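Residue-level structural notes
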Amino acid sequence: MVEKSKKTKTVAVVGAGVIGAAIALELQRRGLQVTLIDKGEPGRGTSYGNMASIALDFAAGSGPSTWRKIPRWLLDPEGPVWLRPAYALKMAPWFLRFIAAGRPSRLREIEDAGMSLSNPALGDFRTMLASIDASDLMTDEGCLAIYETEAEFAADRGRMDFMRRYGFDFDVLGGGDIRALEPALSPSIAKAVLLPNNKTIRDPYRLVVRLADAARGLGASFVSGAVRNVEKSGDGTSVVLLESGERLTVDTVVLAAGVHTRYLAEKLGEPIPLETERGYHTQIMQPGVSMRYSVIWPHRAFMITPTAGGIRVGGNVELAGLDAEPDFRRARVLVRHAQRAVPGLKVEESSEWMGHRPALPDTIPIISPSSKMPGVWYATGHGHLGLTYCATTAQLVADMVTGRKPAVDLAPFRIDRY
Ligand SMILES: Cc1cc2nc3c(=O)[nH]c(=O)nc-3n(C[C@H](O)[C@H](O)[C@H](O)COP(=O)(O)OP(=O)(O)OC[C@H]3O[C@@H](n4cnc5c(N)ncnc54)[C@H](O)[C@@H]3O)c2cc1C
């Protein structure tokens, strides 16, 4: 039963991806009257096709050890990062900021900030799933990071140091132990690191649908339409303007439109360097092999994930902007790599997908009040970790909006750091 005060505060949440849907649910649960708005259906943006991993250790920032790999990655046509030449110039300012964020002093601050979200993420996720009776959407198994050679393992030392520094549980395994855990893996995999607390969501799209449905079940409404702008009215309320001409007057607005939040922020006079890191997946419905663990291959920077609808192979980063057509050769390269790690993997019935990670150059999200318009809040820029951080982001936004002290210091996530 949701308790409502005499004058229920109204809030519009723009964007029904995993971030917006989780926020809508939490705000409705706390007694606000929520309208969730999306230009399409809930969960059909980037949250549809991610690699389904609660990837707590991904809070490791991108410092000099990453930069050193980038030239090799960019030159390798089968490598994990592609930059379309036509987009290189447009990308330059973002890239300079990315390099600046990796200098050692700043890197430590970014990793501390990332860990302040990673630490509560799994607990918050479990609570969120239990609250909508969907605990079965998360598997119990962890994730295996795999290495074909000692050199690959040595090259990933930075991540191991990071995990030790922040007290992660992990086990380093050799040949026989790896196959005992995951018989589908090739004997050519020489080493693996088991990350027991990185969990997998069986169906990331279904998760968003369940969150949005649960918010509606508590009384939230859903509006289908593209938001064009937000304006302030004289009485302090905000007016959300839709492309259709419709206007929605509310007390509070949360902008959670993934990478598209950039355009709304620009209109509010606070431009943010939000770029798309495009990523691909292949969903293999008849893989001919079954797996228990999600697998990440750090050297090749992609994942193989057992999901409700078969095995999903995906990852990589393509820097080409929002408008360029997908280039599904990227997805096929990953399938070939996956077949090397999982020799029994067959690709008989499959589908391909591309999505836009909302990426900020310092790799941590914006979870923040607007610095220009009172009553407007941002939750965007979750990059590679939107699924991982959705439940924690929802708690933090709901705390800010309802005037509670957030459990995490949100200073590092402010929009005015740009
Ligand atoms: C290949 C790949 C693998 C990934 N793997 C993982 C992983 O394993 N673990 C993890 O934690 N993260 C992963 N991610 C990242 C994660 O998917 C994203 O961080 C997350 O989905 C972002 O969620 P979001 O709600 O911010 O954006 P979205 O899911 O894109 O949702 C934004 C919504 O806003 C709507 N919208 C946009 N503009 C407007 C407008 N003007 N008006 C109304 N609605 C609007 C869109 O229609 C969309 O539904 C991966 C991403 C990719 C691409």
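What comes next is a walk through the structure. Along each chain, numbering runs from 1 in the same order as the chain's sequence is written. Where local features are concerned, this predicted model is filtered to residues with pLDDT of at least 70; where side-chain atom pairs are given and counted, the filter is 80 or more; whole-chain, interface and lining totals use all residues. To get the side-chain values, all heavy atoms of the structure are used, and hydrogens and water are removed first.

**Looking at the pattern of salt bridges**
The salt bridge criterion pairs a side-chain nitrogen of Lys or Arg with a carboxyl oxygen of Asp or Glu, the two atoms within 4 Å. Enumeration over the complete set of coordinates arrives at 25 salt bridges. Linking arginine 159 and aspartate 57 is a salt bridge whose minimum nitrogen-to-oxygen distance equals 2.3 Å. In this pair, arginine 159 is assigned in helix H6 (residues 157-165) and aspartate 57 in the loop between strand E3 (53-54) and helix H2 (64-75), connecting sequence segments 102 residues apart. Across the pair, exposure class does not vary: arginine 159 and aspartate 57 are buried alike. Arginine 340 is the salt-bridge partner of glutamate 148, the closest N and O atoms lying 2.8 Å from each other. Of this pair, glutamate 148 sits in the loop between strand E5 (143-147) and helix H5 (150-155) while arginine 340 is found in helix H10 (residues 329-341), placing the two residues 192 residues apart along the sequence. Secondary structure elements follow DSSP: runs of H or I no shorter than four residues count as helices, runs of E no shorter than two count as strands, and numbering proceeds from the N terminus. Three exposure classes are used, based on accessible area relative to the maximum for each residue type with a 1.4 Å probe and protein chains only: buried under 20%, partly exposed in between, and exposed over 50%.

**Here we look at the packing of helix H1 (residues 18-29) against helix H8 (residues 204-217)**
For every element, the axis is a line fit to its C-alpha atoms; helices are fit only across the contacting stretch, and the angle between N-to-C directions ranges from 0 to 180 degrees. It is at 8 Å that the axes of H1 and H8 come closest, and there the two elements cross at 25 degrees. Relative to H8, the element H1 lies roughly parallel. Crossing angle aside, the handedness with which H1 passes H8 is left-handed. Together, Val18, Ala21, Ala22, Ala24, Leu25 and Gln28 of H1 and Leu207, Val208, Leu211, Ala212, Ala214 and Ala215 of H8 make up the contact between the two elements. Under the convention adopted here, Pro, Cys and the residues Ala, Val, Leu, Ile, Met, Phe, Trp and Tyr are nonpolar, Asp, Glu, Lys and Arg are charged, and Gly plus all remaining residues are polar. Among the residues making up the contact of H1 with H8, the classes are represented as eleven nonpolar, one polar and no charged. Oblique is the label for any angle not under 35 degrees, not over 145, and not in the 65 to 115 range, which are roughly parallel, roughly antiparallel and roughly perpendicular in turn. Working rule for handedness: look at the near helix, and if it is turned counterclockwise from the far one by less than a right angle, call the crossing left-handed; if clockwise, right-handed. By the convention used here, residues are in contact when the closest approach between their heavy atoms is within 4.5 Å.

**Thoughts on the sheet that holds strand E10 (residues 227-232)**
Strand pairing in a sheet takes place through backbone hydrogen bonds and is either antiparallel or parallel in direction. By definition, two strands form a pair when at least two bridges between them are found by DSSP. Taken in spatial order, the three strands make up an open sheet running E10-E11-E12, and their pairing is antiparallel. Strand pairing shows two members of the sheet lacking a second neighbour, E10 and strand E12 (247-250), which therefore form its edges. Each neighbouring strand pair of the sheet contributes to a mean axis angle of 20 degrees, computed without reference to strand direction.

**Remarks on the side chain of threonine 380**
Note that threonine 380 resides in strand E20 (residues 376-380). Judged by its relative accessible area of 1%, threonine 380 is buried. Polar contacts, as used here, are pairs of N or O atoms within 3.5 Å; protein pairs need one atom able to donate a hydrogen and one able to accept it. Residues neighboring in sequence count only if both atoms are side-chain atoms. There is a polar contact of 3.0 Å between the side chain of threonine 380 and the backbone oxygen of glycine 258. If we skip the residues at most four places from it in the chain, threonine 380 touches Gly258, Thr261, Ile272, Leu274, Pro358, Leu360, Pro365 and Ile366.

**Concerning unusual backbone geometry**
Phi angles above zero are rare outside glycine, and alanine 52 is one such case at about 70 degrees. Position of alanine 52 relative to the elements: it lies in the loop between strand E2 (33-38) and E3. With a phi angle near 50 degrees, asparagine 316 is a residue other than glycine that sits in the positive phi range. Among the structural elements, asparagine 316 can be located in strand E17 (residues 310-319). In this structure asparagine 316 comes out as buried when scored by relative accessible area, which is 2%.

**Description of the site of the ligand**
A molecule or strand has a residue near it when one of that residue's heavy atoms lies within 4 Å. Around the ligand sit 32 residues, and of these Asp38, Ser47, Ser53, Val227 and Thr388 come closest. The separation between an oxygen atom of the ligand and a polar side-chain atom of threonine 388 is 2.8 Å. Within the complex, 95% of the 1000 Å² of free accessible area of the ligand lies under protein. The set of elements that each furnish at least two residues to the shell around the ligand consists of H1, strand E14 (275-284), strand E18 (350-359) and helix H11 (386-402). A domain split of the shell around the ligand shows at least three residues from each of domain 1 (10-47 + 206-273 + 363-417) and domain 2 (64-100 + 143-196 + 275-359). Accessibility throughout is a Shrake-Rupley quantity obtained with a 1.4 Å probe, and a residue counts as covered only by protein chains that appear here. Domain borders in the structure are assigned automatically or taken from a domain database.

**What about the nonpolar core?**
Residues belong to one nonpolar core when they are buried, are Ala, Val, Leu, Ile, Met, Phe, Trp, Tyr or Cys, and are joined through side-chain atoms within 4.5 Å. Ranked by internal contacts, the top residues of the largest apolar core, which has 73 residues, are Leu27, Phe125 and Leu207. The dominant element in this core, judged by the number of residues it contributes, is H11, at ten residues. Once residues lying within four places of it in the same chain are set aside, the contact partners of leucine 27 are Val11, Val13, Leu32, Val34, Val254, Ala398 and Val401.

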